[in-house]
Amino acid sequence: MEVEGEEETTKEPHLIAATREVEGWLLSLSVRLLWRDQKAAEALQLATQSIAILTTHLQDATSHGAVAGAASSARGGLSAAAGLYPLLARIYRYRSLAAEGLGSEELVSHAVAGLRTDMVAAHRMACLRRDVDNQATLLNLMLNDLLNADQGKHPLSFRVLKIILSSRYF
């Protein structure tokens, strides 16, 4: 029974999933605009906050979709969190670009060094949830970080890898 003036507080599951994806898309666009306007520090801060928000959405979608996920996987469907994986990978990429664009080399090395442990933990979690978008993105970002820090043991193979990573398709 509906009462006048009372709003419905429960949303349809597909609306909740769509809201998460739209929020992630808008956050990634905001980070991209800040990065393109050469506001690297603001882009880095927003990207870090965006990653935290999307990670929370992934955890919520996974916990709420555990029961529904079994039913949808039996029908061949995707989980409610599947649309967030590419958005999260995109924001990881923009965070790395923002960290590299901070200006002075000392700031860049300090920012990227702070992100290394976060990237390793995120890559591990992406592997556990079989998220190939984030696995590939984070692996490429970690390899790019190693190349920039000159920590590779085999200089020739790393030079070839650097050429591949700096191509326009990366």
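Residues take numbers from 1 onward in each chain, read along the sequence in its written order. The predicted origin of the model limits local features to residues at a pLDDT of at least 70 and limits the giving and counting of side-chain atom pairs to 80 or more, whereas totals for whole chains, interfaces and linings rest on all residues. Only heavy atoms go into the side-chain values, all of them from the structure, while hydrogens and water stay out.

J.: Hey, could you run me through the side chain of His 57 in this one?
T.: Secondary structure elements follow DSSP: runs of H or I no shorter than four residues count as helices, runs of E no shorter than two count as strands, and numbering proceeds from the N terminus. Within the fold, His 57 resides in helix α2 (residues 40–74). Contact partners of His 57, with chain neighbours within four places excluded, come to Arg 20, Glu 23 and Leu 84. Throughout, a residue-residue contact means that at least one pair of heavy atoms, one from each residue, lies within 4.5 Å.

J.: When you look at the pattern of salt bridges in this model, what are you seeing that I'm missing?
T.: The working definition used for a salt bridge is a side-chain nitrogen of Lys or Arg within 4 Å of a carboxyl oxygen of Asp or Glu. One pass over the structure, following the stated rule, counts three salt bridges. Between Arg 129 and Asp 131 there is a salt bridge, with the nearest N and O atoms lying 3.3 Å from each other.

J.: Just to check I follow, could you spell out helix α3 (residues 84–100) for this structure?
T.: Expected span of a helix, by definition, is 1.5 Å for each gap between consecutive residues, and there is one gap fewer than residues. Its 17 residues place the ends of α3 25 Å apart at the C-alpha level, agreeing with the 24 Å of an ideal helix rising 1.5 Å per residue. Under the scheme applied here, a residue whose accessible area is under 20% of the maximum for its type counts as buried, over 50% as exposed, and between as partly exposed, the area being computed with a 1.4 Å probe on protein chains only. By the criterion of burial, α3 is predominantly enclosed, with 13 of the 17 residues buried.

J.: Hey, could you run me through the environment of Thr 48 in this one?
T.: Positionally, Thr 48 belongs in helix α2. The class of Thr 48 is partly exposed, set by a relative accessible area of 38%. Put simply, Thr 48 and Tyr 92 are 44 residues apart on the chain and 8.4 Å apart in space, counted from C-alpha to C-alpha.

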